[in-house]
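The residues making up each chain are set out below.
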Amino acid sequence: MPICVVFAAVGRGLTGAGNDSLVPSLVIAGLVGVGIALLVAAAEQTNAARVRAVLKRYPGAVVMIDVRAAPTTAWVINHLTGSNRVSSQLLAVAFDEFGMHVLSGFFGRSDILHVRWELIGGFFAGTVRDSLERPFPALLVSIATTGRPAVLPFAWAGDNAHQPFARGIDSICAQLEGMLAAAQARG
């Protein structure tokens, strides 16, 4: 809001408007600032509700929402499941004591893939391209399959600062490698 007020005051000063037009400009700028703040708060609440919805299904999981269903991601998931299961542009991913769960839909209500820890080979940072060939940083998950391992890329499409992706891909790789090591120690 203070930035809106500053822009209104500078704008009025540059246009040479009188003092009697400054007060309404400041009020309008203040209202715009409050509206923007409410929209940001509403978006944060929606993201928090989406994370809670996934955590309700997988308590204690590391949850990533707003994962881009890039063509490579969709192809690998569809190949692993043997069907065309990716129907959403956004996915959610949860890592819990049992492995990795990939969910589709805005609130992650539909399970499309589950991979046990025994089949996960590791995590590393990489890049994935969307359908417009734009590159996005991605978390890459190596999965043991018959033949050679598959690599499942998860590119983040969101901007929620509370997500694991916001801390950086290297940070989330380290956290997930710790979970993988704990799962391997449990046997």
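That block above? That's the structure.
The structure presented is a predicted model; accordingly, all values stated were derived computationally and were not measured.

Q: Is there a simple way to think about the packing of aromatic side chains in this case?
A: Where two aromatic rings form a pair, the distance of their centres and the angle of their planes describe that pair. Evaluated as defined, the whole model comprises three aromatic pairs. In textbook terms, an aromatic cluster arises when at least three aromatic residues are bridged by ring pairs, as seen for F95, W117 and F123.

Q: Explain the nonpolar core to me, please; I cannot follow it from the model alone.
A: For soluble globular proteins, nonpolar side chains are generally found buried alongside one another. With 31 residues, the main nonpolar core has F95, M100, F123 and V141 as its most contacted residues. In terms of residues, this core owes the most to one element, helix α4 (residues 169-186), which gives six residues. Ignoring anything within four residues of it in the chain, the contact list for V141 reads F95, M100, I120, G122, F123, A150, V151, L152 and F154. Counting residues in hydrophobic clusters, the runner-up holds eight residues, among them Y58, I65, A92 and L103.

Q: Hey, could you run me through the pattern of salt bridges in this one?
A: Close approach of charged atoms lets side chains of opposite charge pair. Following the criterion strictly, the structure yields two salt bridges and no others. Notably, a salt bridge pairs R57 with D111, separated by 2.7 Å at the nearest N-O pair. Residue R57 is located in helix α2 (residues 22-57), and its partner D111 is located in strand β4 (residues 110-116); the two are separated by 54 residues in the primary sequence. What makes D111 partly exposed here is its relative accessible area of 31%. Residue E118 is joined to R116 by a salt bridge in which the shortest nitrogen-to-oxygen separation is 2.8 Å.

Q: Explain the sheet that holds strand β2 (residues 90-96) to me, please; I cannot follow it from the model alone.
A: Strands pair in a sheet through their backbones, by hydrogen bonds, and they do so in one of two ways: parallel or antiparallel. Ordered by their spatial adjacency, seven strands build an open sheet running β4-β3-β2-β1-β7-β6-β5, and the pairing between neighbours is antiparallel. The two strands at the open ends of the sheet, each matched to only one other strand, are β4 and β5 (120-129). Neighbour-to-neighbour, the strand axes of the sheet open up by a mean angle of 35°, direction not taken into account. Sheet topology note: the strand β3 (residues 99-104)/β4 ladder contains six bridges and is antiparallel. Each residue of the ladder has a partner; that of G99, found in β4, is R116. The sheet contacts of helix α3 (residues 71-81) involve β1 (62-68), β2, β3, β4, β5, β6 (135-143) and β7 (150-156), and relative to β7 the element is tilted by about 140°. In this fold α4 packs onto β1, β2, β5 and β6, with an angle of close to 160° to the strand it touches most, β5.

Q: Where do I start with unusual backbone geometry in this structure?
A: The phi angle of most residues is negative, glycine excepted, and most peptide bonds adopt the trans form. A positive phi angle, close to 65°, is found at E133, a residue other than glycine. Mapped onto the secondary structure, E133 falls in the loop between β5 and β6.

Q: Would you mind showing me how to read α3 here?
A: Residues three or four positions apart in an α-helix share a direction because the helix packs 3.6 residues into each turn. Those residues of α3 that fall on the buried side of the exposure criterion are T73, A74, V76, I77 and N78. Contact partners of the buried residues in α3: β1, β2, β3, β4 and β7. At the exit of α3 stands G82, carrying a positive phi of roughly 75°.

Q: Whenever I open this one, the pairing of β6 confuses me. Can you help?
A: For a regular strand, side chains alternate in direction, first toward one face of the sheet and then toward the other. Of all the nine residues making up β6, seven are buried; the element is thus mostly covered by neighbouring parts of the structure. By the bridge criterion, nine bridges tie β5 to β6 in an arrangement that is antiparallel. Residue F123 lies in a different strand from β6, and its bridge partner there is V141. Two successive antiparallel strands, β5 and β6, enclose a turn made up of five residues, where E133 displays a positive phi of approximately 65°. In the sheet, β6 pairs with β7 via six bridges, with the strands oriented antiparallel. Following the sheet pairing, V141 is matched in β7 by L152.

Q: Whenever I open this one, the side chain of S142 confuses me. Can you help?
A: With respect to the secondary-structure elements, S142 resides in strand β6. With near-sequence residues (within four places) excluded, S142 lies in contact with L119, I120, G121, G122, F124, P149 and A150.

Each value, and the rule that gives it
Residues numbered from 1 in each chain as written. Predicted model: local features only at pLDDT ≥ 70, side-chain atom pairs only at ≥ 80, totals over all residues. Heavy atoms only, no water. Phe/Tyr/Trp six-rings, centres within 6.5 Å; stacked < 30°, edge-to-face > 60°. Core = buried A, V, L, I, M, F, W, Y, C linked by side-chain atoms within 4.5 Å. Buried < 20%, exposed > 50% of the residue type's maximum accessible area, 1.4 Å probe, protein only. Helix = DSSP H or I, 4+ residues; strand = E, 2+ residues; numbered from the N terminus. Contact = heavy atoms within 4.5 Å. Salt bridge = Lys/Arg side-chain N within 4 Å of Asp/Glu carboxyl O. Pairing = 2+ DSSP bridges. Axes fitted to C-alpha atoms, helices over the stretch in contact; angles between N-to-C directions.

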